[in-house]
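# Observations on the three-dimensional arrangement
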Amino acid sequence: MRSELCSRCGTCVGLSGGKLVFDNKEGKYLPKITGKLDDKLADKIWAACPAKHFDFPAYRHNFYPDASHFHEYTGPYENMYIGYATDEKVRRNAASGGLISAVLIHLLNSNAIDGVVTLRMSKTKPWLTEPFIATTKAGIIEAAESKYIISSVNDILPQMEAFIGKLAFVGIPPQVQSIRKLQKMNDPAVRNIKYIFGPFYGNTLYFSSVKSFLRSHGEKDHSKIKKLYFRYGEWPGSMRVEMQSGKILELKKFHANYLIPFHVVKNSLYCTDFTNEFTDISGGDAWAPVYEERGKGFSMIIARTPAGTKIINEMVKSGALHTEPLSEKEAIKMHSHGYDLKKRGSFIRIKFRKLCGKQIPDYGYTLSGFGIKRHVMEMVISFLFMVLRTRLARWTVEQLPPGFIGKRFEKARNFWKRSTRKIKRENLAE
Ligand SMILES: Cc1cc2nc3c(=O)[nH]c(=O)nc-3n(C[C@H](O)[C@H](O)[C@H](O)COP(=O)(O)OP(=O)(O)OC[C@H]3O[C@@H](n4cnc5c(N)ncnc54)[C@H](O)[C@@H]3O)c2cc1C
């Protein structure tokens, strides 16, 4: 909990019977022990925690024994596609092409499931997120869009256990990994889960990112937020805050990305799962000029299990989803930045942590053999992250107009991407 490895997935809180709670969600958002945990419960929580141990090869072997394809970067899979939901409302309301929402609606409509464990903005504190079980199309639509702040879906494990009927679960990789651990342990909390879905995962930010965004706009009190969106409007969308006063603060997603180096949660820098490898279907943004120019929203889709492929086929047949096939090579090229961040950068950062004598995660596999240039690049990134996370750097950036800083950030990021493209793409698809 204090090792910087905690992802705040929520499993410990969910399993604890009220003896663990999340403390200070607007701050560090860490689990806090409030009652006496007996050894048996503590052991169970430790076994289900994905932060320190999650053996990728063993879990692949357990849950995907007959996968048709496997790549160390993408994980096991059956088919890959580019696609979007044909229901304009679903597509427009979603983060990318509306794939995840459309899949959930399809399963609910066809009675394949009775509810969905998912995440919406809180009803009582609209600046925070809250997990819930959606049982209607409206609930699924309400939960759409990516939330880039810490969220702990698994803290509703007791509700999942009490639910009568079949569930689909939606989560980011650490949450999904913990669900897989609980499934392997035959825990009753996950007995109702029939399908697992989830978005690709670059990183998560502390709530301080929202507070900083407000301060940059001259707003000091986050409790005056009426609505908070991270991907508002047409793809790729904008970060948008609606204040109780009627004031609206909005910044294009690519510009709002300037918040990342200032507020990134450490654990996401040590997570090596970019494409949500332990789901039935996972989806990401189809980042490529050909799709970005068209707007509207396109998803990259990875169907990992025969059940996942069956859902996609049914949806294409019924006209709910439009898909085009995608090769593994194209898929890796499209997200070369993300794979480099997670499948190279994370392992190098873990190596640096080990050298500093800090706790490191054990994923049952390591990737190594990256060149000296890649190590130097990581040193530069790590140094920048260290400096930009200081109070002084955060304060300084808040003195500048967010529109101005966002544009500069996008330019600097594109320059950095171009100048490191060769190092990043070297042997990436092999
Ligand atoms: C924190 C985060 C980081 C991401 N980083 C990348 C990236 O680097 N590259 C990339 O290509 N894609 C990334 N994505 C995925 C991308 O933003 C879209 O979520 C994905 O393309 C699916 O789009 P969709 O239109 O199918 O999803 P939607 O139809 O909008 O459905 C999204 C589903 O995910 C759930 N969800 C949203 N946020 C969270 C969360 N924080 N925790 C648990 N569940 C959540 C929603 O409740 C909803 O059920 C990220 C997503 C998140 C949440």
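Here, every reference points to the structure presented above.
Below or above, wherever it landed, is the structure these notes cover. Once a new chain begins, its residue numbering starts again from 1 and follows that chain's sequence as written. Two thresholds apply to this predicted model, a pLDDT of at least 70 for residue-level local features and 80 or more for giving and counting side-chain atom pairs, whereas whole-chain, interface and lining totals are computed over all residues. For the side-chain quantities, the full set of heavy atoms in the structure was used; hydrogens and water were omitted.

### Topic: the site of the ligand
Basically, it comes down to this: For each residue, the test is whether any non-hydrogen atom lies within 4 Å of the molecule or strand; if one does, the residue is near. Between N or O atoms, a polar contact is any pair within 3.5 Å; within protein, one atom must be a potential hydrogen donor and the other a potential acceptor, and residues adjacent in sequence are included only when both atoms are from side chains. Secondary structure elements follow DSSP: runs of H or I of four or more residues count as helices, runs of E of two or more count as strands, with numbering from the N terminus.
For the ligand, the set of nearby residues contains 35 residues, the closest of which are Ser-96, Gly-98, Ser-101, Ala-143 and Ser-146. The contact in question runs from an oxygen atom of the ligand to an N or O atom on the backbone of Gly-97, over 3.4 Å. When residues of the shell around the ligand are traced back to their parent elements, those giving at least two are helix H5 (99-109), strand E6 (115-121) and strand E13 (281-285).

### Things to note about the pattern of salt bridges
Rule in force here: Any carboxyl oxygen of Asp or Glu that lies within 4 Å of a side-chain nitrogen of Lys or Arg is treated as forming a salt bridge with it. Each residue is placed in one exposure class: buried if its accessible area under a 1.4 Å probe, protein chains only, is under 20% of its type's maximum, exposed if it is over 50%, and partly exposed if it falls in between.
This model, assessed by the stated rule, comprises 24 salt bridges. A salt bridge links Glu-398 to Arg-215; its shortest N-O distance comes to 2.8 Å. Of the two residues, Glu-398 sits in helix H18 (residues 391-398) while Arg-215 sits in helix H9 (residues 208-216), which places them 183 residues apart along the sequence. Of the residues examined, Arg-215 reaches a relative accessible area of 40% and is grouped as partly exposed. Between Arg-231 and Asp-285 there is a salt bridge, with the nearest N and O atoms lying 2.7 Å from each other. Pair noted here: Arg-231 is in strand E10 (residues 225-232) and Asp-285 is in strand E13, with a separation of 54 residues, a long-range link. In this structure Asp-285 comes out as buried when scored by relative accessible area, which is 11%. Overlapping salt bridges, with partners in common, bring together Asp-340, Arg-344, Arg-349, Arg-374 and Glu-378 in one network.

### Structural notes on the pairing of strand E2 (residues 30-33)
Operational definition: By the convention used here, strands pair only if DSSP detects at least 2 bridges between them.
Two strands pair when backbone bridges link them, and strand E1 (residues 20-23) and E2 are joined in this way by four bridges, in the antiparallel orientation. Bridge pairing links Leu-20 to Ile-33 in E2.

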